[in-house]
Amino acid sequence: QVRLVESGGGLVQPGGSLRLSCTASGSIFSINAMAWYRQAPGKQRELVAGINSGSSPNYADSVKGRFTISRDNAENTVYLQMNSLKPEDTAVYYCQAVITMTTRQLRVYWGQGTQVTVSS
């Protein structure tokens, strides 16, 4: 009923930048919140950044000052601008959206994940 499509991952050298995007489509009445999570090999999935309607974004301490999350509400899209990337940022990045459906039910959806590799 709802699909999240991510793009923008890839291989980048330490200190470089990448911009991830995630677009939601389907039976959407409204999007309450969107967020980016990541999961490195052998580690648990962790919240990187989140943005809710009408409130300030929040960030993991490890990415504060380097990553910026933003939303384009008209396009149902969330972005993650990642600067000054470090090898420890290497992970699969997942988009999450909390969505009020056209049926007025509340659902949480995940994207398929996009690989970010920071290496020289």
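Before reading on, note that the structure itself is shown above.
A few points on the structure. What you see is a predicted model; the values in this text were computed from it and never measured. (Residues numbered from 1 in each chain as written. Predicted model: local features only at pLDDT ≥ 70, side-chain atom pairs only at ≥ 80, totals over all residues. Heavy atoms only, no water.)

## With respect to the environment of Gly-15
So, point 1. Examined against the element boundaries, Gly-15 turns out to sit in the loop between strand S2 (10–12) and strand S3 (18–26).
So, point 2. Expressed as a C-alpha distance, the spacing of Gly-15 and Val-118, which sit 103 residues apart in the sequence, is 8.6 Å.
So, point 3. Beyond its immediate chain neighbours, meaning those up to four positions away, Gly-15 contacts Ser-84 and Leu-85. (Helix = DSSP H or I, 4+ residues; strand = E, 2+ residues; numbered from the N terminus. Contact = heavy atoms within 4.5 Å.)

## What to know about the sheet that holds strand S1 (residues 2–7)
So, point 1. Here we have 4 strands laid out as an open sheet, ordered S1-S3-S8-S7, and antiparallel in their pairing. Bordering the open sheet on either side are S1 and strand S7 (67–72), each of which pairs with just one other strand. Strand-to-strand twist of the sheet, defined as the mean angle between neighbouring strand axes without regard to direction, takes the value 15 degrees.
So, point 2. Here S7 runs beside strand S8 (residues 77–82); their pairing, made up of 6 bridges, is antiparallel. Counterpart to Phe-67 in the pairing with S8 is Met-82. (Pairing = 2+ DSSP bridges. Axes fitted to C-alpha atoms, helices over the stretch in contact; angles between N-to-C directions.)

## Comments concerning the state of the cysteines
Disulfide: a covalent bond formed between the sulfur atoms of two cysteine residues.
So, point 1. Applying the stated criterion across every chain yields a total of 1 disulfide.
So, point 2. Paired through a disulfide, Cys-22 and Cys-95 show a sulfur-sulfur distance of 2.1 Å. Judged by the sign of its S-S torsion, about -80 degrees, the bond between Cys-22 and Cys-95 is left-handed. Placement of the pair is Cys-22 in strand S3 and Cys-95 in strand S9 (residues 91–101), with a sequence separation of 73 residues. Each member of the pair Cys-22 and Cys-95 is classed as buried. (Disulfide = S-S within 2.5 Å. Buried < 20%, exposed > 50% of the residue type's maximum accessible area, 1.4 Å probe, protein only.)

## Quick look at the pairing of strand S10 (residues 106–110)
Moving residue by residue along a regular strand, the side chains alternate between the two faces of the sheet.
So, point 1. Sheet topology places S9 next to S10; 5 bridges connect them, and they run antiparallel. Across the sheet, Ile-99 pairs through a bridge with Arg-107, a residue of S10.
So, point 2. Counted along the chain from S9 to the antiparallel partner S10, the turn is 4 residues long, and its residue Arg-104 has a positive phi close to 75 degrees.

## Observations regarding the environment of Val-118
So, point 1. Counting through the fold element by element, Val-118 comes out in strand S11 (residues 114–118).
So, point 2. Placed 108 residues apart in sequence, Val-118 and Gly-10 show a C-alpha to C-alpha distance of 8.4 Å.
So, point 3. Not counting the four nearest positions on each side in its chain, Val-118 is found in contact with Val-12, Gln-13, Pro-14, Leu-85, Lys-86, Pro-87, Asp-89 and Thr-90.

## What to know about unusual backbone geometry
Trans is the prevailing form of peptide bonds, just as negative phi is the prevailing case for residues other than glycine.
So, point 1. Residues other than glycine seldom take positive phi values, yet Ser-84 does so here, at roughly 50 degrees.
So, point 2. Looking at Ser-84, the relative accessible area reads 43%, which means it is partly exposed.
So, point 3. Its identity as a non-glycine residue notwithstanding, Arg-104 has a phi of 75 degrees, on the positive side.
So, point 4. With respect to the secondary-structure elements, Arg-104 resides in the loop between S9 and S10.
So, point 5. Judged by relative accessible area, which is 52%, Arg-104 ranks as exposed.

These figures come from the coordinates and say nothing about function on their own.
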